[in-house]
Every structure is written in C-alpha cells, then in structure tokens.
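A closer look at the structure
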Amino acid sequence: MKTSLFILLIFLSLPLLATAQEEPDKTLVADSANLILNKLETGALSGNVKVVQDPRLTSILRKQYEYNRSTGVRGWRILIYKGRDMSKANQSKAGFEEAFSQLSLPVSVEYNEPDFSTMVGSFRTKEDAYRYKQMLIVRFPQAYLVQARITME
C-alpha cells in the first residue's frame with residue numbers, strides 16, 4: 001500500500017517537474033519578443049533590401065497604368081437623374097452643385113440615346129459610392145448606384 005502511494009505521488013509530481021524546467025525558456029522567449037518589439041518601435045533595425053526583377057515587368061506595369069489612365073477602370077457612379085429632358089438633367093446637375101458643393105464630387109450630364117443621365121462621383125468601390133449615396137438621398141430620393149468606367153486621377 002505504501003509503495004503504491006509512493007508511486008502515485010511520483011507519478012503526479014512529474015508534470016510539476018516538467019513545468020518547472022520549462023519556465024526559464026518562457027522568460028527567454030518573452031525577453032526576446034520584448035527586445036524585437038523595442039527595436040521595431042524605435043526604428044533601431046537597419047538593413048538593405050535589393051529587389052531583383054526582370055526590367056520587362058516594370059515596362060508592362062507602366063503600360064497597364066497608362067492604359068487604365070486613358071480608358072478608365074471599372075468603378076461606380078451615382079445616377080441622380082435619367083430621362084429624356086435635357087433641361088431637367090441640367091437642373092439636377094445645378095441642384096447638386098448648389099446643395100453639395102462641399103463634397104467636391106465631379107458631376108456630369110451624359111447623353112445615351114434616348115436618355116440624358118446626370119452622374120455624380122467616381123468611386124472605385126461600391127461601398128464608397130453607397131456612403132455618398134446615403135448623403136444625397138435627402139435631396140435626390142431616386143438616386144441609385146450604377147457601374148461605370150471611371151478615369152484615374
């Protein structure tokens with residue numbers, strides 16, 4: 001009985017001994033992480049990075065950039081008027097410029113046969129366009145989002 005109790009105590013104390021041996025390693029890891037974080041925060045790390053790439057890659061990227069600049073990219077605009085009356089399209093443009101001049105959004109009247117459209121903004125994402133649409137909905141309740149080619153500025 002005494003031997004089984006002794007063996008049981010030894011068996012139960014093994015995890016405690018293993019944990020005691022691991023403690024110095026944890027502090028070493030914590031000190032190392034602290035050292036690295038301090039160097040990152042103070043900007044004490046120095047080094048050089050050399051990028052090796054085919055020069056044709058830069059040429060291809062430049063051509064793609066110029067093409068997107070000239071033809072535009074897929075984006076979103078807010079349509080505040082669509083109809084056959086050009087004067088109403090121009091009135092909606094003037095009304096937008098009067099009420100929302102502080103937003104500095106581009107506004108244009110476009111003619112796509114047989115309708116005139118008054119378009120506002122040039123947004124890369126639908127989320128950005130939606131945010132602005134929520135502001136415009138007070139004055140233009142019929143406004144909605146449309147996909148369009150937008151030019152990069």
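Shown above is the structure to which this text applies.
One structure accompanies this document, and this report is about it. Bear in mind the structure is a predicted one, so any value in this text is a computation, not a measurement. (Residues numbered from 1 in each chain as written. Predicted model: local features only at pLDDT ≥ 70, side-chain atom pairs only at ≥ 80, totals over all residues. Heavy atoms only, no water.)

Side note on the pattern of salt bridges
Rules: A pair is scored as a salt bridge if a Lys or Arg side-chain nitrogen falls within 4 Å of a carboxyl oxygen belonging to Asp or Glu. Segments assigned H or I by DSSP are reported as helices when at least four residues long, segments assigned E as strands when at least two residues long, and all are numbered from the N terminus. For every residue, the accessible area (1.4 Å probe, protein chains only) is compared with the maximum for its type, and the residue is labelled buried under 20%, exposed over 50%, or partly exposed between those bounds.
One pass over the full model with this rule turns up five salt bridges. A salt bridge links R62 to E66, with the nearest nitrogen and oxygen atoms 3.9 Å apart. Highlighted residues: R62 and E66, both in helix 2 (residues 55-71), separated by four residues, approximately one helical turn. Relative accessible area serves as the criterion here: at 37%, E66 is assigned to the partly exposed category. The residue R77 makes a salt bridge to E110 at a minimum N-O spacing of 3.0 Å. Here E110 lies in strand 2 (residues 107-112) and R77 lies in strand 1 (residues 73-83), a separation of 33 residues in the sequence. Exposure remark for R77: the relative accessible area of 9% places this residue in the buried category.

Observations regarding the pairing of strand 1
Let me state the cut-off plainly: A pair of strands is treated as paired once DSSP finds two or more bridges between them.
In terms of burial, strand 1 is largely enclosed, as nine of its eleven residues are buried. Pairing between strand 1 and strand 3 (residues 115-123): six bridges, direction antiparallel. Counted as the bridge partner of I78 is V120 from strand 3.

Looking at the packing of aromatic side chains
Going by this rule: A pair of Phe, Tyr and Trp rings is counted when the ring centres sit within 6.5 Å of each other, with Trp represented by its six-membered ring. The angle between the planes then sorts it: under 30 degrees is stacked, over 60 is edge-to-face, the rest tilted.
Overall, the coordinates contain three aromatic pairs when judged by the stated rule. Arranged with centres 4.7 Å apart and planes meeting at 45°, the rings of Y111 and F116 form a pair that is tilted. Judged by its relative accessible area of 46%, Y111 falls in the partly exposed class. In this structure F116 comes out as buried when scored by relative accessible area, which is 15%.

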